[in-house]
Structure formats: structure tokens, C-alpha cells
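The lines below spell out each chain.
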Amino acid sequence: MREHNIDIKPLVSIIIACYNDPDNIEKAVLSALNQTYVNKEIIVVDDGSDYKTKIILKKLEPKINKLLTQENQGQSVARN
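Values in this document were obtained by computation on a predicted structure and should not be read as measured data.

A. Layout of the pattern of salt bridges. A full pass over the atoms with the stated rule returns 3 salt bridges. With its nearest N and O atoms 3.6 Å apart, the salt bridge here joins Glu 61 to Lys 58. Classification of Lys 58 by relative accessible area gives exposed; the value is 60%.

Shown next, in the form of C-alpha cells:
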């Protein structure tokens, strides 16, 4: 029996935490999407952002793999 040599790249998770930053969250997500590495997932953690940021996140939601929302708990909790 012959083994098939299939080049499977590991999944890379890009985790982006945001809080009240509508301008930079869009840039960050678009930058992650434009990376040449193919096997990636984009996870955005909204740490209790304001309305403007939530509007941008709603627009970006179809382009990302997972959007997690929580009440504001700070950077460390958002990243974990």
C-alpha cells in the first residue's frame, strides 16, 4: 500500500480583541483576510464596544469565522 503525501497546513487562529475602535477593527480584519496563508480562521472578541464599533463588526461578520461579544472586562480577559 502506498502512502499519499498530502501537504496539510496547520490551522492558524487570528484572534483580534477590540474595544471602541471602529476605524482600526476594520483595518485589522481586512489585514488578516489579506494574509497569504490559506488555512486560517479569524476570531474577533468585542469587549463591550460602543454602537459605532458594533455597526462595523456587524458589517464584517460575514467575513470572519467567529464573533464573540462580552461586556467590557479588559484586554486580558478579551484575549483569553
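B. Looking closely at the confidence of the model for the chain. Confidence in the prediction of the chain, expressed as mean pLDDT, is 88, and 82% of residues score 70 or more. Mean pLDDT in the chain bottoms out at helix α3 (residues 75–79), which sits at 63, and peaks at strand β2 (residues 40–47), which reaches 96.

C. Looking closely at the nonpolar core. In terms of nonpolar packing, the biggest core is built from 11 residues, these being Ile 16, Cys 18, Ile 25, Val 29, Ala 32, Ile 42, Val 44, Ile 56, Leu 57, Leu 60 and Ile 64. For this core, the elements supplying multiple residues, two or more each, are β1 (12–18), α1 (22–33), β2 and α2 (51–60). When residues no more than four places from it in sequence are discounted, the contact partners of Ile 64 are Val 29, Ile 42 and Val 44.

D. Main features of the packing of α1 against α2. Where α1 meets α2, the closest approach of the two axes is 8 Å, and the angle between their N-to-C directions is 20 degrees. Taken as axis vectors, α1 and α2 run roughly parallel relative to one another. For the element pair α1 and α2, the recorded crossing hand is right-handed. Counting all contacts with α1, which are made through Pro 22, Ile 25, Glu 26 and Val 29, the residues of α2 involved are Lys 52, Thr 53, Ile 56, Leu 57, Lys 59 and Leu 60.

E. The sheet that holds β2, seen in detail. Taken together, the 3 strands give an open sheet; going across it, the order is β1-β2-β3, and neighbouring strands pair in parallel fashion. Looking along the sheet, the strands with just one partner apiece sit at the ends: β1 and β3 (66–70). Strand-to-strand twist across the sheet, computed as the mean angle between neighbouring axes with direction ignored, equals 15 degrees. Most of the contacts of α1 go to β2, to which it runs at about 165 degrees, and overall it touches β1 and β2. Running at roughly 160 degrees to β2, α2 makes contact with β1, β2 and β3 of the sheet.

Cut-offs used in this document
Residues numbered from 1 in each chain as written. Predicted model: local features only at pLDDT ≥ 70, side-chain atom pairs only at ≥ 80, totals over all residues. Heavy atoms only, no water. Salt bridge = Lys/Arg side-chain N within 4 Å of Asp/Glu carboxyl O. Buried < 20%, exposed > 50% of the residue type's maximum accessible area, 1.4 Å probe, protein only. pLDDT = per-residue confidence, 0-100. Helix = DSSP H or I, 4+ residues; strand = E, 2+ residues; numbered from the N terminus. Core = buried A, V, L, I, M, F, W, Y, C linked by side-chain atoms within 4.5 Å. Contact = heavy atoms within 4.5 Å. Axes fitted to C-alpha atoms, helices over the stretch in contact; angles between N-to-C directions. Parallel < 35°, antiparallel > 145°, perpendicular 65-115°, else oblique. Left-handed = near helix turned anticlockwise from the far one by under 90°. Pairing = 2+ DSSP bridges.

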